[in-house]
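Descriptive structure summary
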Amino acid sequence: MSKLWGGRFTKGTNKLVEEYTASIGFDKALAEEDVQGSLAHVTMLGKCGILPQEDVETIKEGLQKVLEKLHAGEVEFSVSDEDIHMNIEKHLIQEIGPVGGKLHTGRSRNDQVATDMHLYLRNRVVELTDLLHGLQEALIEQAKDNVETILPGYTHLQRAQPILFAHHLLAYVSMFRRDAERLTDSYKRINVLPLGAGALAGTTFPIDRHFVAEQLGFDGVYENSLDAVSDRDFIVEFLANASLIMTHLSRLSEELVLWSSTEFSFVELDDAFCTGSSIMPQKKNPDVPELVRGKTGRVYGNLIGLLTVLKSLPLAYNKDMQEDKEGMFDTVATLTGALQLFAPMIATMKVNKGRMREAVNTDFSNATDIADFLVGKGLPFRQAHEVIGKTVLYCINEGKFLLDLTMDEFKQFSPLFDENIYAVLQPEAVVNARNVYGGTATVQVQAAIGRAEVSLLEAKKWVAEHAAKL
Ligand code: ARG
């Protein structure tokens, strides 16, 4: 069979052009969505009296057969049929004869491809939200095991103030919760039907777009036919959301790499999530977080790639837009892979509570609290800051930490010191003194875990309600 659009042409296509313009190599991933869209379209053509019902039935049976063959891996795709839409139509016609050619009545590949992309992405967004929930769950479980684990909190990667490890983990729970909310919110812009826009201007056939939308589980239809076929905002939005998720995963990855180094030894990743060195037998490398950190670049690249494709594109469809796919597929695969690994990696991570505690005992992360102690005695904070700065310098020169100082030594720096300072400087006291909403005090962290669990449970309901439409 020749090209589906061959009528106007007097020559065959140059082989290299055929290969260069074909998208079947990657858009075959949309096969399922393409058939689903066609089933809804042809049902509507029958309902609206555009095609006789018997043709509709024949086409539907043919499409079902193509779908079965697709599932069985029996459909061979051909580059000369350019893309998934024409490949499937070719197979349909092979299956049921020329009546298959009636399927494309009142539609264009431009609204067809957009429909496929919407169908594809809405399901991926639900799956990815589910994976984000799984990761939050793993982080919350680790947090529950570490409501008494104290480690230094850092600013500038310098020890700053002691915090609970649970508090640190909950910071990531907050990030991934926002990420999941962003995906959930984007769903309403993805779940809109472009079909019926035709090539760009609508169609002369008396179609019922709302009926198609209903069959495919879309919440609405595009308002404007030009926008319907030109819009790739929903993919840009997805790529932007994916980029931010990767940013968060990459920050956590960096911490895991640092924490699992011999220098820190705060955590140990399970053997099942690490790899060895081909030359150095002692090595256990945190390859998963390293690769997630590295793969963040390609996800950012996919976002910038699509923004650049769309920039300056005149309305409506342009072939440039075929470039929307590979970056999207690659991002879905990269993000899915990372999230699938992260949840069990966090769940099985061993936390070296002793090492974290030792770090806090041998630093000056309680210095703010002595300043606050003097402020409590009436000294202005700025003066207290100066006094403690000198005290710390003295300690450094003497090779001591604040808790090693005698009362006489403290008094050298301020007469306002008294015996209570030793209790104030204990890491537990330092942590529990931050008893503000959102702070690191144990009671606050326990309450935060409770809130995180409630909100996760709520968010999971959305996933259950939206799981795998079609
Ligand atoms: N393979 C094309 C794409 O992905 C489908 C739409 C083609 N439309 C056209 N008028 N050539 O963008």
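To keep things clear, this report deals only with the structure shown in the data block. (Residues numbered from 1 in each chain as written. Predicted model: local features only at pLDDT ≥ 70, side-chain atom pairs only at ≥ 80, totals over all residues. Heavy atoms only, no water.)

Once that is clear, we can look at the packing of aromatic side chains. By the definition in use, this model includes 12 aromatic pairs. Ring centres of F373 and F417 lie 6.2 Å apart, and the angle between their planes is 10°; on these two criteria the pair is classed as stacked. You can see F373 sitting in helix α14 (residues 367-376) and its partner F417 sitting in the loop between α16 (407-413) and α17 (421-424), a full 44 residues away along the chain. Relative accessible area serves as the criterion here: at 1%, F417 is assigned to the buried category. Taking 4.8 Å as the distance between ring centres and 40° as the angle between the ring planes, the aromatic pair formed by F410 and F417 counts as tilted. A connected cluster of aromatic rings, assembled from ring pairs, spans F373, F410, F417 and Y422. One Lys or Arg, R8, reaches over the ring of F9 and ends 6.0 Å from the middle of that ring. One Lys or Arg, K47, reaches over the ring of F211 and ends 4.8 Å from the middle of that ring. (Phe/Tyr/Trp six-rings, centres within 6.5 Å; stacked < 30°, edge-to-face > 60°. Helix = DSSP H or I, 4+ residues; strand = E, 2+ residues; numbered from the N terminus. Buried < 20%, exposed > 50% of the residue type's maximum accessible area, 1.4 Å probe, protein only. Lys NZ or Arg CZ within 6 Å of the ring centre and 35° of its normal.)

Let us now look at the site of the ligand. Lining the immediate environment of the ligand, one finds S23, D27, D83, H85, R109, N110, V113, Y317, Q322 and K325. Between the ligand and N110 there is a distance of 2.9 Å, counted from a nitrogen atom to a side-chain nitrogen or oxygen. For the ligand, an oxygen atom lies 2.4 Å from a polar atom in the side chain of Y317. Starting from 340 Å² of accessible surface for the ligand in isolation, the protein chains cover 86%. With three residues, the top contributor of residues to the shell around the ligand is helix α6 (residues 109-144). Among the residues forming the shell around the ligand, the class breakdown is two nonpolar, four polar and four charged. (Near = heavy atom within 4 Å. Polar contact = N/O pair within 3.5 Å; in protein donor to acceptor, adjacent residues only side chain to side chain. Areas by Shrake-Rupley, 256 points an atom, 1.4 Å probe, with all protein chains shown as cover. Nonpolar A, V, L, I, M, F, W, Y, C, P; charged D, E, K, R; others polar.)

With that settled, the discussion passes to unusual backbone geometry. Negative phi values dominate among residues other than glycine, just as trans dominates among peptide bonds. Cis geometry is adopted by the peptide bond preceding A316, which originates at L315 and carries an omega value of 5°. Relative to the elements of secondary structure, A316 occurs in the loop between α11 (287-310) and α12 (325-347). Its identity is not glycine, yet S312 carries a phi of approximately 70°, on the positive side. Its place among the elements puts S312 in the loop between α11 and α12.

For helix α13 (residues 353-361), the full list of buried residues reads M356, A359 and V360. The buried residues of α13 occupy an angular sector of 95° when the element is viewed end-on, so they sit on one face. On its buried side, α13 packs onto β1 (150-155), β2 (158-164), α7 (165-190), β5 (267-268), β6 (350-351) and α18 (427-432). (Arc of directions from axis to C-beta. Contact = heavy atoms within 4.5 Å.)

Now for the pairing of β2. Looking down a regular strand, the side chains alternate between one sheet face and the other. Here six bridges tie β1 to β2, and the two strands are oriented antiparallel to one another. By the bridge assignment, P152 is partnered in β2 with P162. Hairpin connection of β1 to β2: two residues between the antiparallel strands, including H156 at a positive phi of 60°. (Pairing = 2+ DSSP bridges.)

Below, the discussion takes up the side chain of H248. Note on placement: H248 falls in helix α10 (residues 233-259). A relative accessible area of 7% places H248 in the buried class. For H248, the side chain forms a polar contact with the side chain of D179, separated by 2.7 Å. The residues touching H248, leaving out its near neighbours within four places in the chain, are Y172, M175, F176, D179 and R182.

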